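Secondary and tertiary structure notes
Now for the letters of each chain:
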Amino acid sequence: MKLVRTTAATATVTAAVMAGALAAATPAYAATYGGECGSGYGVVNSAPIGSKGTVFLTYNSATGKNCVVAKRNTAGSAVLVEAGLAIHPVGNHWTAYDGGYYRSYAGPIYLSAADRCVDWMGRISGTEGGKRGTNCG
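Every chain begins its residue count from 1, and numbering advances along the sequence as written. With pLDDT at 70 or above as the cut-off, local features in this predicted model cover only qualifying residues; side-chain atom pairs require 80 or more to be listed or tallied, and sums for whole chains, interfaces and linings still use all residues. As a convention, hydrogens and water are excluded, and side-chain values are obtained from all of the structure's heavy atoms.

Comments concerning the state of the cysteines
Inclusion rule: Count a disulfide wherever a pair of cysteine sulfur atoms falls within 2.5 Å. Starting at the N terminus, helices and strands are each numbered in turn, a helix being any DSSP run of H or I of at least four residues and a strand any DSSP run of E of at least two. Three labels apply to residues, based on accessible area from a 1.4 Å probe with only protein chains included: buried if under 20% of the type maximum, exposed if over 50%, partly exposed otherwise in between.
Using the criterion set out here, one finds 2 disulfides in the structure. There is a disulfide in this structure between Cys37 and Cys67, and the S-S distance comes to 1.9 Å. Judged by the sign of its S-S torsion, about -80°, the bond between Cys37 and Cys67 is left-handed. Here Cys37 is found in the loop between helix 1 (2-25) and strand 1 (42-49), whereas its partner Cys67 is found in strand 3 (residues 65-72), with 30 residues between them in sequence. Here Cys37 falls in the buried class, since its relative accessible area comes to 5%. The buried category is assigned to Cys67, whose relative accessible area is 0%.

Printed below as a string of structure tokens:
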């Protein structure tokens, strides 16, 4: 009987620690896509930029174009924010790129990529997020 209590207590503590770790991994004010790419674009993928923001990949099926926006979790004083987009594999430079000191987001940047895989990224103050060879077709 005592062993059951110890096991239950251990399970309770383990669950609490794991829940705390998951809560800490998700920023309290995560960036959300706000239509920055314009009409007809919908989010098809996203990736965290560490705890600083999110990079969004959107697509417009009518035009066959992808769009990328790298957004900070919260706007503030200007910091280096970058967004990149290319047909996979990216090579030595991004086909579409925007970077500068922004208060909120970099982009939108666009690339025709119907029936092609894309590489895309967002970077905020040196922390990068994104994916390679995704959203093919």
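Comments concerning the pattern of salt bridges
Put simply, the rule reads: Salt bridge, as applied in this entry: a Lys or Arg side-chain nitrogen positioned within 4 Å of an Asp or Glu carboxyl oxygen.
Within the structure shown, the criterion is met by 4 salt bridges. For Glu82, the salt bridge goes to Arg123, with nearest N and O atoms at 3.2 Å. Taken as a pair, Glu82 in strand 4 (residues 79-87) and Arg123 in strand 7 (residues 118-124) lie far apart in primary sequence, 41 residues in all. Judged by its relative accessible area of 22%, Arg123 is partly exposed. Salt-bridge contacts for Arg123 lead to Glu128; the nearest nitrogen and oxygen are separated by 2.6 Å. Among the residues examined, Glu128 registers a relative accessible area of 35% and is labelled partly exposed. It is possible to trace a salt-bridge network through shared partners that takes in Glu82, Arg123, Glu128 and Arg132.

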